[in-house]
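# Secondary and tertiary structure notes
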Amino acid sequence: MAVISTDLRVRKVTGRIGAEVAGLDLRIDLDGETVAAVRKALLEHKALFFRGQELDDEGQQRFAARFGELTRAHPTVPSLEGSPNVLRVDSTEGRANNWHTDVTFVVSPPSASTLRSITVPPFGGDTLIANTATAYRDLPDPLRDLADGLWAEHTNDYDYAIPPAQTAQTKAFREVFVSRKYRTAHPVVRVHPETGERALFIGGFAQRIVGLSNTESRDLLRLLQTYVTRPENTVRWTWAPGDLAFFDNRITQHYAVDDYGDLPRLLHRVTVAGGVPTGLDGRNSYAIEGDDAAHYTPIAA
Ligand SMILES: O=C(O)CCC(=O)C(=O)O
Ligand SMILES: [Fe+2]
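Residues numbered from 1 in each chain as written. Chains lettered and ligands numbered in written order. Predicted model: local features only at pLDDT ≥ 70, side-chain atom pairs only at ≥ 80, totals over all residues. Heavy atoms only, no water.

- Identification of the protein as Alpha-ketoglutarate-dependent sulfate ester dioxygenase from Frankia canadensis is taken from an unreviewed UniProt entry.
- In its Sequence similarities (unreviewed entry) section, UniProt records this for the protein: "Belongs to the TfdA dioxygenase family."
- Recorded in UniProt for the protein, the comment headed Cofactor (unreviewed entry) runs: "Fe(2+)". (UniProt positions renumbered as here; feature names shortened; annotations may be inferred.)

### A closer look at the coordination of the iron ion (ligand 2)
- Protein coordination of the iron ion (ligand 2) is provided by His100 (NE2), Asp102 (OD) and His254 (NE2), with donor distances spanning 2.0 to 2.1 Å.
- Counting gaps between the donor residues of the iron ion (ligand 2) yields the pattern H-x1-D-x151-H. Of the two residues, Asp102 is situated in the loop between strand E4 (87-90) and strand E5 (112-119) and His254 in strand E14 (residues 252-256); the sequence distance between them amounts to 152 residues.
- Judged by relative accessible area, Asp102 falls into the buried class, the value being 2%. (Donors = N, O, S within 2.8 Å, 3.2 Å for Na, K, Ca; no water. Helix = DSSP H or I, 4+ residues; strand = E, 2+ residues; numbered from the N terminus. Buried < 20%, exposed > 50% of the residue type's maximum accessible area, 1.4 Å probe, protein only.)

### So, the sheet that holds strand E6 (residues 127-131)
- With respect to topology, three strands assemble into an open sheet ordered E12-E6-E14, the strand pairing being antiparallel. Whereas interior strands pair on both sides, the edge strands pair on one side only; in this sheet they are strand E12 (234-237) and E14. Pairwise comparison of adjacent strand axes, ignoring direction, gives a mean angle of 20 degrees for this sheet.
- Sheet topology places E6 next to E12; four bridges connect them, and they run antiparallel. Following the sheet pairing, Ala130 is matched in E12 by Thr234. (Pairing = 2+ DSSP bridges. Axes fitted to C-alpha atoms, helices over the stretch in contact; angles between N-to-C directions.)

### Some remarks on the packing of aromatic side chains
- This model, assessed by the stated rule, comprises nine aromatic pairs.
- Arranged with centres 5.5 Å apart and planes meeting at 45 degrees, the rings of Trp99 and Tyr255 form a pair that is tilted. In this pair, Trp99 is assigned in the loop between E4 and E5 and Tyr255 in strand E14, connecting sequence segments 156 residues apart.
- The class for Trp99 is buried, based on a relative accessible area of 15%. (Phe/Tyr/Trp six-rings, centres within 6.5 Å; stacked < 30°, edge-to-face > 60°.)

### Describing the site of ligand 1
- Surveying the vicinity of ligand 1 reveals the residues Val89, Ala96, His100, Asp102, Leu115, Thr127, His254, Ala256, Arg265, Leu267 and Arg269.
- The side chain of His254 places a nitrogen or oxygen atom 3.0 Å from an oxygen atom of ligand 1.
- Between ligand 1 and the protein, one listed contact pairs an oxygen atom with a side-chain N or O atom of Arg269 at 2.6 Å.
- About the coverage of ligand 1: the protein hides 93% of its 290 Å² of free accessible area.
- Its residues assigned to classes, the shell around ligand 1 shows five nonpolar, three polar and three charged. (Near = heavy atom within 4 Å. Polar contact = N/O pair within 3.5 Å; in protein donor to acceptor, adjacent residues only side chain to side chain. Areas by Shrake-Rupley, 256 points an atom, 1.4 Å probe, with all protein chains shown as cover. Nonpolar A, V, L, I, M, F, W, Y, C, P; charged D, E, K, R; others polar.)

### Re the sheet that holds strand E13 (residues 244-248)
- As summarised here, the arrangement of the seven strands in space is E1-E2-E3-E13-E5-E15-E4, forming an open sheet in which the pairing is mixed. The outermost strands of the open sheet, each flanked by one partner alone, are strand E1 (9-12) and E4. Sheet twist, expressed as the mean angle between neighbouring strand axes with direction ignored, is 25 degrees.
- Across five bridges, E5 lies against E13 in antiparallel orientation. What sits directly across from Ala112, in E13, is Asp248.

Listed below in structure tokens is the structure:
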């Protein structure tokens with residue numbers, strides 16, 4: 001039975017992105033009014049942080065499922081044993097120290113991601129999250145006009161997953177990550193389906209601008225990306241065990257800071273399924289290679 005959760009308090013963490021939500025115990029089944037308030041806060045602040053929740057995998061999935069159908073853990077990476085919707089984010093397998101939006105190499109990337117901290121290092125290992133709508137608004141007019149007409153190809157098969165010092169474990173992880181290749185074209189400027197806000201939709205999986213050479217693509221993506229990563233457009237979350245971060249994957253990018261050496265760090269990720277992105281001209285994203293992995297149907301073992 002839904003329990004009325006009163007006393008929800010939302011406190012901005014920075015001027016442009018992120019808010020801490022207090023006064024909620026996410027272990028209980030939230031009532032509809034509270035879910036609506038959290039959704040509203042998510043649309044406004046784009047990233048929400050809930051301290052000291054001590055959720056388990058069931059609780060994390062129950063929370064995420066209040067915002068839509070869950071995706072499977074990942075299109076290529078196996079889920080946590082026995083939990084098809086839960087992805088282990090384990091520092092011994094790979095580190096997401098690369099700005100990205102989750103799973104944009106498929107046609108329908110998740111609408112939102114939750115990350116729950118289980119083991120965190122005593123220092124470092126923060127997660128940065130960027131507001132890609134304010135990044136878009138920061139563009140000077142000529143650059144914004146240029147971005148408005150561009151499409152980018154996103155793929156899971158590129159060199160980001162190759163860490164400088166490869167171990168057998170990270171090598172094996174990368175092989176699984178690219179075991180099936182996806183290529184998808186998305187508009188560089190995406191219209192948010194709920195708020196109508198315009199935002200840059202690029203990030204690490206965007207490897208090429210449609211119609212440009214590799215070199216031209218790299219230069220242009222790098223230039224646009226500098227607006228996403230400028231400090232004013234980011235929030236930095238320092239994890240304590242039991243935190244839950246919840247961010248709108250349609251209008252943010254994130255980056256896991258790799259500054260904790262060999263100390264253990266483990267998070268669990270659960271993502272909410274999303275729709276097909278739409279550009280300014282009303283056209284939708286489309287698959288170039290691989291299927292659209294709709295909600296990541298399991299691949300044959
Ligand atoms: O480790 C983190 O803080 C973020 C992980 C991440 O980006 C991911 O699993 O997609
Ligand atoms: Fe991510």
